[in-house]
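As a plain string of letters, each chain reads:
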Amino acid sequence: MKSKIVWIQGVTCNGNSHSFLNYQNLDIFLKKVEFLYHPLLPSKYSLKELSEKRFDFDILIVEGAIKKSYERGIVSLNTLMEKLSIKARKIIALGTCAAFGGVFKSYDEKNIKGLIFDGEEKKGFFKELEKKVINIPGCPAHPEWLIYVLNMIEAKKKILLDDFLRPKEIYAFTVHSGCVRNEYFEWKVDAKSFGVKEGCLFYEQGCQAPYTHGSCNKILWNEVNSKTRAGMPCLGCTEPTFLKEELFKTKTYMSIPANMPLGVPKRAYLTITGVAKSFKIERLNKRLIDES
Amino acid sequence: MAKGSRKEKRKIEIMDTALKLFSKNGFYTVTIADIAKELEMSVGNIYNYFSSKDALAKELIMYISKILGSNIRQINMEKISAKEKIEKIVRFYFSMAKERPELIDYFLRVYLSHREVFKDGCEGMICVSPFVTEIMIFFEEGVKNGELREQDFFSAFGLFMGYLGGMVYLKGEGMLPNDLDFYINSISENIYRALKNEE
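The present account deals with the structure reproduced in this document. These numbers come from a predicted model, not from an experiment.

Conventions and cut-offs
Residues numbered from 1 in each chain as written. Chains lettered and ligands numbered in written order. Predicted model: local features only at pLDDT ≥ 70, side-chain atom pairs only at ≥ 80, totals over all residues. Heavy atoms only, no water. Buried < 20%, exposed > 50% of the residue type's maximum accessible area, 1.4 Å probe, protein only. Helix = DSSP H or I, 4+ residues; strand = E, 2+ residues; numbered from the N terminus. Arc of directions from axis to C-beta. Contact = heavy atoms within 4.5 Å. Disulfide = S-S within 2.5 Å. Polar contact = N/O pair within 3.5 Å; in protein donor to acceptor, adjacent residues only side chain to side chain. Expected span 1.5 Å × (residues − 1). Pairing = 2+ DSSP bridges. Axes fitted to C-alpha atoms, helices over the stretch in contact; angles between N-to-C directions. Core = buried A, V, L, I, M, F, W, Y, C linked by side-chain atoms within 4.5 Å.

Residue and element names in this part refer to chain B. Burial in helix α2 (residues 32-39) covers these residues: Ile-32, Ile-35, Ala-36 and Leu-39. Within α2, the buried residues cover an arc of 100° as seen down the axis, which keeps them to one side. For α2, exposure combined with an orientation more than 90 degrees from the buried face picks out Lys-37 and Glu-38. Of the surrounding elements, those touching the buried residues of α2 are α1 (6-25), α3 (43-49) and α4 (53-77).

Right, let's talk about the state of the cysteines for a bit. This structure, assessed with the given rule, holds one disulfide over all chains. There is a disulfide in this structure between B:Cys122 and B:Cys127, and the S-S distance comes to 2.0 Å. One disulfide, between B:Cys122 and B:Cys127, carries an S-S torsion of -85° and so falls in the left-handed class. Across this residue pair, the class does not change: B:Cys122 and B:Cys127 are buried. Lacking any disulfide linkage, A:Cys139 is separated from the closest cysteine sulfur, that of A:Cys237, by 5.7 Å.

All names here are of chain A. Checked against the element boundaries, Asn-135 lands in strand β9 (residues 133-136). Among the polar contacts listed, one links the side chain of Asn-135 to the backbone oxygen of Phe-164, at a separation of 2.9 Å. When sequence neighbours within four positions are dropped, the list of residues in contact with Asn-135 reads Ala-93, Ala-99, Phe-100, Phe-117, Phe-164, Leu-165, Arg-166, Pro-167 and Tyr-171.

Residue and element names in this part refer to chain A. The terminal C-alpha atoms of helix α7 (residues 143-154) lie 16 Å apart, and with 12 residues this matches the ideal 16 Å at 1.5 Å per residue to within 8%. Every buried residue belonging to α7 is among Pro-143, Trp-145, Leu-146, Ile-147, Val-149, Leu-150, Met-152 and Ile-153, and all of these are buried. Of the residues trailing α7, Lys-156 is marked for its positive phi of about 55°.

Moving on, we come to the sheet that holds strand β3 (residues 59-63) of chain A. Residue and element names in this part refer to chain A. Here five strands make up an open sheet; going across it, the order is β2-β1-β3-β7-β9 and the pairing parallel. For this open sheet the edge positions go to β2 (33-37) and β9, each flanked by a neighbour on one side alone. Neighbour-to-neighbour, the strand axes of this sheet turn through a mean angle of 25°, independent of strand direction. Relative to β3, strand β1 (residues 3-9) runs parallel, the two sharing five bridges. Within the sheet, the bridge partner assigned to Ile-8 lies in β3 and is Val-62. α7 contacts β1, β3, β7 (90-94) and β9 of the sheet and is inclined by roughly 175° relative to β7.

Here we come to the nonpolar core. By size, the foremost hydrophobic cluster in this structure holds 89 residues, and its most contacted members are B:Ile35, B:Phe94, B:Tyr106, B:Phe139 and B:Phe160. Among the elements that take part in this core, α4(B) stands out by supplying 10 residues, more than any other. Once residues lying within four places of it in the same chain are set aside, the contact partners of B:Phe139 are A:Met254, B:Leu148, B:Phe153, B:Ala156, B:Phe157, B:Phe160 and B:Leu195.

So, on to the pairing of β7(A). All names here are of chain A. Within β7, four of the five residues are buried, leaving the element largely enclosed by the surrounding structure. The pairing of β3 with β7 spans five bridges and is parallel. Residue Ile-59 lies in a different strand from β7, and its bridge partner there is Lys-90. Of the pairings in the sheet, the one linking β7 to β9 comprises four bridges and is parallel in character. Residue Ile-91 lies in a different strand from β9, and its bridge partner there is Val-133.

Glancing now at unusual backbone geometry. Cis geometry marks the peptide bond from A:Cys139 to A:Pro140, where omega comes out at 0°. With respect to the helices and strands, the residue A:Pro140 is situated in the loop between β9 and α7. That bond from A:Phe242 to A:Leu243 is cis: its omega, 20°, falls within 30 degrees of zero. Checked against the element boundaries, A:Leu243 lands in the loop between α10 (227-230) and β10 (252-253). Despite not being glycine, A:Asn222 has its phi angle at roughly 55°, a positive value. Considering the arrangement of structural elements, one finds A:Asn222 in the loop between α9 (182-186) and α10. For B:Glu40, which is not a glycine, the phi torsion comes out positive at approximately 55°. Within the secondary structure layout, B:Glu40 lies in the loop between α2 and α3. When its relative accessible area of 75% is taken as the criterion, B:Glu40 is described as exposed.

In structure tokens:
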């Protein structure tokens, strides 16, 4: 039996839908499931039918933030959520907006929230659904992350979640894990601009990878790259604190990064940094590929 | 070596004696034999603790850095303003200069003046890390709570420690008309004014 999925949208930019459409094995995956409704894919029901008909299904995917008074076409998001959430076996809050409020939250702080969470607090509009919900934050979420969760649900396997209801298999790591710039991080060699192959982006360019949970450098985007590998700082998009200000500048207090790598005490970090900076490693201070 | 063990105590005794002799007679004049003689130990026995005079020199700067660092750490842990911390750090530094002048003397006259001794194994901040780390934390917390101004770390570090070191140096040269205590309040005020956030 194919899993029956309903995919609805709240306040969204369509980013997670587009990310999903970029899944490399989408054709194979679509043979395994049936979309009763998806805003972009051919579906069994229209949005109107979705709100009016009685039917059974397995998984509800919510993309976008929740605003109670929001309407999709002629259908109230709130009414739709109330109806579908009762029937759904599992609910996936896909993307940071659905999980925590995300980018759109800053437009209307009080009235735009995630399903279970409002930023870091468990004060979302549907917090009573906590036991059914799995958060897959990301701006957007990587399609492989969604497929992993859907496959686990289909196989009826237990998905271990962290305190923000994120699957540990995906979010127990930091984005820093697997970054090809780790050698520069170890020896505290800064990247002087975006897009260069050399240097760590943590010290000057605002990279949040050392304290952001995610698998971006383990499960590559489009199977080829990640932000940090390409020379762009991680913006911390899987965290409930997303979106911060001044994303391309590292906040410092007297030259010391305001945010430490995850779980690293400040004294330990400063001690190691002081030692590493005492040595100048010639190789790491030169261009990797010398054009001359 | 277990902390507080007999060997550890003896090692500290050697370091304290070496510091006093270096301070009194100069780093290059004092030999391992002089230190042994002062302690009524054999020269060979000293080498059981330190493989060379250079190795002793490096251990000494780490020993001093730990003493300074642990005291400043206590000040950092107090729930007081950056202004009060500045005053406490100045007071502590000057009290060390008075009570154990050989420690500050070694820092200024040996470590900072004879970098050739420390070039292998004490590069950059390695041997003074416990002390510098605490100063970093003091600055970081001061800026974070809005009391101090954001600026480059070394600009602030030089102003603070250069100032204190300079005063102790002048005192050591007999050029200050008053005791160091006399200057604590005015120096603390000067440092605070130079670092404070005026926004």
